[in-house]
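Here is what each chain is made of, one letter per residue.
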Amino acid sequence: MFGVVTVIFFLFNVLPGDPAQMMLGQNEDSEQLAIIKKKYGFDKPISTQYLYYLNDLSLVSFHSKNAEDYTFLSPNKYAATELFSIGNTTTVLKFPYLRESFTKQGKKVSEVLTETLPNTFVLAVTAIIIAMLLGVFLGIVSALYKDTWLDKTIQILSTFGMSIPSFFSAILFAWFFGYILHRYTHLEMTGSLYEMDDFGEAIHIKWKNLILPAVVLGIRPLAVVIQLMRNSLLEVFNQDYIRTARAKGLSEYQIIWKHAVKNAMNPVVTAISGWFASMLAGAVFVEYIFGWNGLGKEIVNALNTLDLPVIMGSVLIIAILFIIINILVDIIYVWLDPKVKLD
Amino acid sequence: MSLTSQSLKQLALQKFKKNFWGVFSFCFILLVGVVSVFAYVLAPDNSQYANQMHLSIHSKKPGFTVSMLTIPSGMDLDQNVFDKIFFGTKNADTEIPISSFAINKDTLSYTEYASDGLKGIEKAISLSVFSNNNPQDFIKQKTFLFGTDKYGRDLLSRVLVGARISFFIGFVAVFISLVIGIFMGSIAGYFGGKIDAFIMWVINVTWSIPTLLLVIAITLALGKGFWQVFIAVGLTMWVEVARVVRGQIISVKEMQYVTAARALGFNDFRIIIKHILPNIMAPVIVISAANFASAILVESGLSFLGIGAQPPMSSWGAMIKDHYNYIILGKPFLAIIPGLCIMSLVMAFMLIGNALRDALDVKG
């Protein structure tokens, strides 16, 4: 995790161009420039800036009592509980501070993230559920009817799903279901989970808007799950215990569902974990096209305005989620497959 | 079993030939490769980046035909044949779509093309600008097979020239990823210990940042532009290659042929290059085909976001970005054609990857 933080910091700090200047835009004057530089710590050498960054992110951090210093414990920056202080330095326990957005005046990155991340999360989870259910089902069908036309059709569709760029499928789906078939589907081309009603008063949830983005986002994982499920099920069918089950005279239904499928699920679960995090990233395109108010759309906006703290924060949070999910999956894996032991 | 002895390579080739989709994709990729190299020869609009704009005939349907008047600029552009064939013709001539024209004594009067029933502006021009005083030679019927884009450029030419970037990025990214990946993977797998631990740490860090975001970060660090994208994609893809190479090397390190080579006193470098690598190439080849496909996808995605190839360079992703708003204006082909191009090329690489996997008997 430390490595990720380091890589991200240095990647974004070797940027050509002066971020302080970018914030002020055209109407700059040197005094303002100096103030901003000081506020964000840009006047310090890069190694000091790096230490500041780590200090901001760390749960336990050190702060100066001098109001002039960058690390001064100001209440509108940090939500902290003081632990103890030595001399001029206070040690505190705090929530990681991701700094402020450059372009949205004074808005904290953590606020931006808490506003948008849940939306993306809902979208990704729905997409994964769609991909899992449909993918496992189609994978089983494909394996059971191996080499028939049914299997071949599913295979072709799955290759198709893997090679379509997500922004292209998003455009096609928005166009086809949201525009051409709008009369029948009543789906909008764009829309977010929460929308103001016509009077701009109450905010209400529109589940309807979730359908198209989630389906589009689910296409790729779906294609992968189908392939994996099919291959792993075919492998399981050749195992001895399936033959034993057959010899015992179990019904085909019991063999497939109780013996084969559960064992064939392992690689699928691992793959899904990998996919979940990249879906948070892949949501960039889908959210952008459907106007879904999530992290991905925020990243695109931040990219266009070069709002570095927001991009850094988003990349960081996705990477950390990725690590956490992987740990969780390792645990699920042990439960699914008793042969594997946690290290 | 046949009696004639065959090398493993021949056997793999034989298996590959039997796979219809594999051979089909191979031919398709070859075709796209040729097209991308000779794009400017094949394209109707052979100006640099196929960038000849005619705003008055923007976003027309495929098969649109108009008479085009070319007014020579009189400038003599110095350009050799090689440059023309591979980088397009530098063109200073003005092309004007016209609906009608008439020749009076020494002037040519014409009506500019205007769509939607509007009347075009009438203009006159002296005949002396045309080199042989015969303006008829400079008026030609032009058909736009794929229609025109929102600047009135020929979509077919843009698509052909755009194939270059997609194809090229695949090559560069796969090349970079192979060089770094094989190097890192083999020293990690072969030497083990601290080197292995360090390289695995780098791999895990790179791996836990999603490819797209990492590429975005690198492109931001290196600046916008298409070379940056090439490098960025290559720098993120080596991870997979390195993992596979490392795993393979660990599994063959203890095999007898490696021990034998060591007993003969060969140095480590020679053992890795000459003895181990040729034996573990199969999975690397399969991964490279997959990487090729994902490099194309990532590039189109970046261009779609506007941080890939910069205009006037033509890239399929950027073409979709420019035109996806037109999809509800009854002109979906503008975005769908480049989209289909990306899809078919990516699919061809995926199918070829699958075929290679079956032929080389690589697991999973």
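Definitions and cut-offs
Residues numbered from 1 in each chain as written. Chains lettered and ligands numbered in written order. Predicted model: local features only at pLDDT ≥ 70, side-chain atom pairs only at ≥ 80, totals over all residues. Heavy atoms only, no water. Pairing = 2+ DSSP bridges. Helix = DSSP H or I, 4+ residues; strand = E, 2+ residues; numbered from the N terminus. Axes fitted to C-alpha atoms, helices over the stretch in contact; angles between N-to-C directions. Contact = heavy atoms within 4.5 Å. Buried area = accessible area lost by both parts, 1.4 Å probe. Salt bridge = Lys/Arg side-chain N within 4 Å of Asp/Glu carboxyl O. Polar contact = N/O pair within 3.5 Å; in protein donor to acceptor, adjacent residues only side chain to side chain. Nonpolar A, V, L, I, M, F, W, Y, C, P; charged D, E, K, R; others polar. Phe/Tyr/Trp six-rings, centres within 6.5 Å; stacked < 30°, edge-to-face > 60°. Buried < 20%, exposed > 50% of the residue type's maximum accessible area, 1.4 Å probe, protein only. pLDDT = per-residue confidence, 0-100. Patch = residues over 30% accessible without salt bridge, like charges linked within 9 Å, V, L, I, M, F, W, Y side chains within 5 Å. Areas by Shrake-Rupley, 256 points an atom, 1.4 Å probe, with all protein chains shown as cover. Parallel < 35°, antiparallel > 145°, perpendicular 65-115°, else oblique. Left-handed = near helix turned anticlockwise from the far one by under 90°.

## A few points about the sheet that holds strand S2 (residues 94-103) of chain B
Residue and element names in this part refer to chain B.
- The sheet built from five strands is open, its strands ordered S4-S3-S2-S1-S5 with antiparallel pairing. Two strands close off the open sheet at either side, each with one partner strand: strand S4 (122-126) and strand S5 (139-144). The sheet shows a mean angle of 55° between the axes of neighbouring strands, taken without regard to direction.
- When strand S1 (residues 64-71) meets S2, the two strands line up antiparallel, connected through five bridges. Note on S2: the bridge partner recorded for Thr70 is Glu95.

## Some thoughts on the interface of chain A and chain B
- Taken together, the contact between chain A and chain B spans 42 residues of the former and 36 residues of the latter.
- When residues of chain A are sorted by the area they lose upon contact with chain B, Ser163(A), Phe167(A) and Phe168(A) head the list and together hold 16% of the total.
- The interface formed by chain A and chain B includes zero salt bridges.
- Our enumeration of links across chain A and chain B arrives at zero residue pairs in polar contact (both at pLDDT 80 or more).
- When contributions to the side of chain A that touches chain B are tallied by element, the ones reaching two or more residues are helix H1 (2-13), helix H6 (149-163), helix H7 (166-180), helix H11 (252-290), helix H12 (295-305) and helix H13 (308-336) of chain A.
- Within the side of chain A that touches chain B, the residues separate by chemical class into 35 nonpolar, six polar and one charged.

## Observations regarding the packing of aromatic side chains
Residue and element names in this part refer to chain B.
- Here the structure, examined in full by the defined rule, presents 17 aromatic pairs over all chains.
- For the pair Phe167 and Phe171, a centre-to-centre distance of 5.5 Å together with 70° between the ring planes defines the contact as edge-to-face. One end of the pair, Phe167, and the other, Phe171, are both in helix H5 (residues 155-191), four residues apart, so they sit about a helical turn from each other.
- According to the relative accessible area criterion, Phe171 is partly exposed, its value standing at 47%.

## Notes on the confidence of the model for chain B
- Of the residues in chain B, 93% reach a pLDDT of 70 or more, and the chain-wide mean stands at 80.
- The ipTM for the predicted assembly is 0.77, set against a pTM of 0.81.

## A short note on a nonpolar patch on the surface
- Residues Phe176(A), Tyr179(A), Ile180(A), Ile328(B) and Leu329(B) make up a contiguous nonpolar surface patch of roughly 450 Å² in combined accessible area.
- Inspection of the secondary structure assignment puts Phe176(A) in helix H7.

## Things to note about the packing of helix H12 (residues 316-323) of chain B against helix H13 (residues 333-360) of chain B
All names here are of chain B.
- Following both chains from N to C, one finds H12 and H13 inclined at 155°, their axes separated by 8 Å at the closest point. By the criterion of interaxial angle, the relationship of H12 to H13 is roughly antiparallel. Relative to H13, the crossing made by H12 is left-handed. Of H13, the residues touching H12 (which contributes Trp316, Gly317, Met319, Ile320 and His323) are Leu334, Ala335, Pro338, Gly339, Cys341, Ile342 and Leu345.
- Of the residues that constitute the contact of H12 with H13, the class distribution is nine nonpolar, three polar and no charged.

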